[in-house]
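Take a look at the letters that make up each chain.
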Amino acid sequence: MSGRAQPLMRVDEWLQAPAPAERLAGLRIAIGGFVTLYLAANVREFARLDNRPVVEFEPIGFARLLDQPIPAPALWIGFAGLMVLGIAFTLGVAYRAVGPAFALGVLAWTSYHSSWGQLLHFEHLFTLHLLILALAPAADAWRIGQSAPPSADVRYGWPIRLLALATAATYVLSGIAKLRHTGFAWFDPDTLATHIGYSATRMETIGGPTPPLAEVVLDNSWLIGPMAIAALAIELGAPVALVGGRARNVWVVAALGFHAATAATMLVFFGYRGLGIGLLPLFAVERVPDRLRSFSRRRRAAWSR
Amino acid sequence: MRTVRRVVTVAMLAALSLPLFAVGDGVPLSSYPMYASPRAEVVEFVVVSGLDQRDEAVALSTVLIADTNDPLVAESYLRREIAGGRADTLCREVARRIELSGLDEVVRVAVRTEEHSVVDRARGLDSMIASDAVTECAVG
């Protein structure tokens, strides 16, 4: 075998490795549950958009199918539909129909939500993840009324790899965007300092809280250069997480730290990634219930001693 | 089936990368340009304030100002209303929300633009470069 073929073989083995049905089902529950709660928590956004004038409407994505804003009753019917579908998706009910319906519904909503002059990038990754899950057999385990789960198979493993690839790709694209738009000036501390200053000033002018660490970081400007390098390294280095093991763990801790730092200095928080939900496809999530049970047993044993 | 999976995987990665080369930023395929471009040190902001009987400023929440909790949406909304020549409509909408909220001490709403050195502002230093009144309206 040629030296070039070997890495490709390894990638192919990784891509086509079997995984337990419970792992994919766990991701369905975590991602479906997150998106349903996110939509419910953002009900104000539906209220805000149920009476906007047509002049503000700049359709993008799926919303390009519309030539004017959705009437308020239809928007609220859509919200109710998304809630019902989101719960059914998470529980795995009638998944073959509900999976695609929920994913397309969320794609329609996120397109519409971004059609008012401001693209909301924090909604992209969960939309992509739902579209992948919708086409996968993600309700073959851990759903109501289900008997014994099937054995591990590539049809459960491959969609998980796609979810992980989508996660890594979105980080890499963000890193490439910084290099394309800013080039080496990204490493100039003034570049990140103006982003931090801009975000803090914006929050103040719109009546929001100021980022707790913005002033500290700007007053200690020696911190900013290493922060800029770390941000770019984390984004461009996302593919190392696909390797698994320690490399993945180090990258995930760094990525969560990056999101926490962005929240503390700029009050910009991509909840789906920052809370770790978007990073779950990198892990064997089916082990979580067992780990929790064993943790609980140990706690009970410690208490009874 | 193995080949189909390979082809679909490559197609998905190609689709995700497409905004870099062709279609630009969109939903859900994006070039993720946020916070990627350098910003100017001095930036103009739209500022909406509540004023009491003595003309003193009363802090307004993001929800009262822009009917949202999201700072990106709020900022974009304010900029677009001013750029679109709808400052008076914006002012009346804020006044209506204040009235509905029961924040009785606010009797007027003032909309203005302010230019700040953003780094100085965030450091708590004197940052104002310019300030221009845009419009005012009464609450109630």
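Shown above is the structure to which this text applies.
Residues numbered from 1 in each chain as written. Chains lettered and ligands numbered in written order. Predicted model: local features only at pLDDT ≥ 70, side-chain atom pairs only at ≥ 80, totals over all residues.

S.K.: Any details on the overall build of chain B? Residues and values, ideally.
M.R.: Looking only at helices and strands, chain B features five helices and four strands. Going from N to C terminus, chain B has its helices and strands arranged as α-β-β-α-α-α-β-α-β. For chain B, the C-alpha radius of gyration of 21 Å lies well beyond 14 Å, the compact-globule estimate for 140 residues. If one aligns the C-alpha atoms of chain B with their principal axes, the spans along those axes are about 75 × 35 × 25 Å. In chain B, which comprises 140 residues, the share counted as buried stands at 31%. (Helix = DSSP H or I, 4+ residues; strand = E, 2+ residues; numbered from the N terminus. Rg over C-alpha atoms; globule rule 2.2 N^0.38 Å. Buried ≥ 20, exposed ≤ 12 C-beta atoms within 10 Å, placed from the backbone.)

S.K.: Break down the nonpolar core for me, with residues and values.
M.R.: General note: in soluble globular proteins, nonpolar side chains tend to be found buried as a group. Counting 104 residues, the largest nonpolar core has Leu130, Ala166 and Ile196 of chain A together with Val48 and Val94 of chain B as the members making the most contacts within it. The residues contacting leucine 130 of chain A, other than those within four sequence positions of it, are Ile31, Val35, Phe102, Ala103 and Val106 of chain A. (Core = buried A, V, L, I, M, F, W, Y, C linked by C-beta atoms within 7 Å. Contact = placed C-beta atoms within 7 Å.)

S.K.: Tell me about the interface of chain B and chain A, and name the residues and values.
M.R.: Each side of the interface is counted separately: chain B has 50 residues, and chain A has 56 residues. Elements represented by at least two residues in the side of chain B that touches chain A include exactly α1 (2–21), β1 (42–51), α2 (62–66), α3 (71–83) and α5 (118–122) of chain B. For the side of chain B that touches chain A, the element with the highest residue contribution is α1 of chain B, accounting for eight residues.

S.K.: I'd love a proper account of helix α4 (residues 72–91) of chain A, names of residues and values included.
M.R.: All names here are of chain A. With 20 residues, α4 should reach 28 Å at 1.5 Å per residue; the first-to-last C-alpha distance of 29 Å fits that figure. When α4 is considered as a whole, its buried residues turn out to be Phe79, Leu82, Leu85, Gly86, Ala88, Phe89 and Thr90. Contacts made by the buried residues of α4 are with α2 (21–41), α3 (43–49) and α5 (95–113). Glycine 92 occupies a position one or two residues after α4 and carries a positive phi of about 80°. (Expected span 1.5 Å × (residues − 1).)

S.K.: Go over the sheet that holds strand β3 (residues 108–117) of chain B with me, naming the residues and quoting the values.
M.R.: Residue and element names in this part refer to chain B. Pairing within the open sheet is antiparallel, and its four strands lie in the order β2-β1-β3-β4. Taken across any chain shown, the strands that pair with only one partner, and hence form the sheet edges, are β2 (57–58) and β4 (128–138). Bridge count for β1 against β3 is 10 bridges, and the pairing is antiparallel. Among the inter-strand pairings, valine 43 is bridged to a residue of β3, identified as histidine 116. (Pairing = 2+ DSSP bridges.)

S.K.: If you had to explain the environment of alanine 152 of chain A to someone new, which residues and values would you point to?
M.R.: Residues and elements named next belong to chain A. Mapped onto the elements, alanine 152 comes out in the loop between α6 (124–134) and α7 (154–182). Judged by the 16 C-beta atoms lying within 10 Å of it, alanine 152 is partly exposed. Taking the C-alpha atoms as reference points, alanine 152 and arginine 23, separated by 129 residues in sequence, lie 9.4 Å from one another. When near neighbours in sequence (up to four residues on either side) are disregarded, alanine 152 contacts Pro18, Ala19 and Pro20.

Structural measurements only, silent on function.
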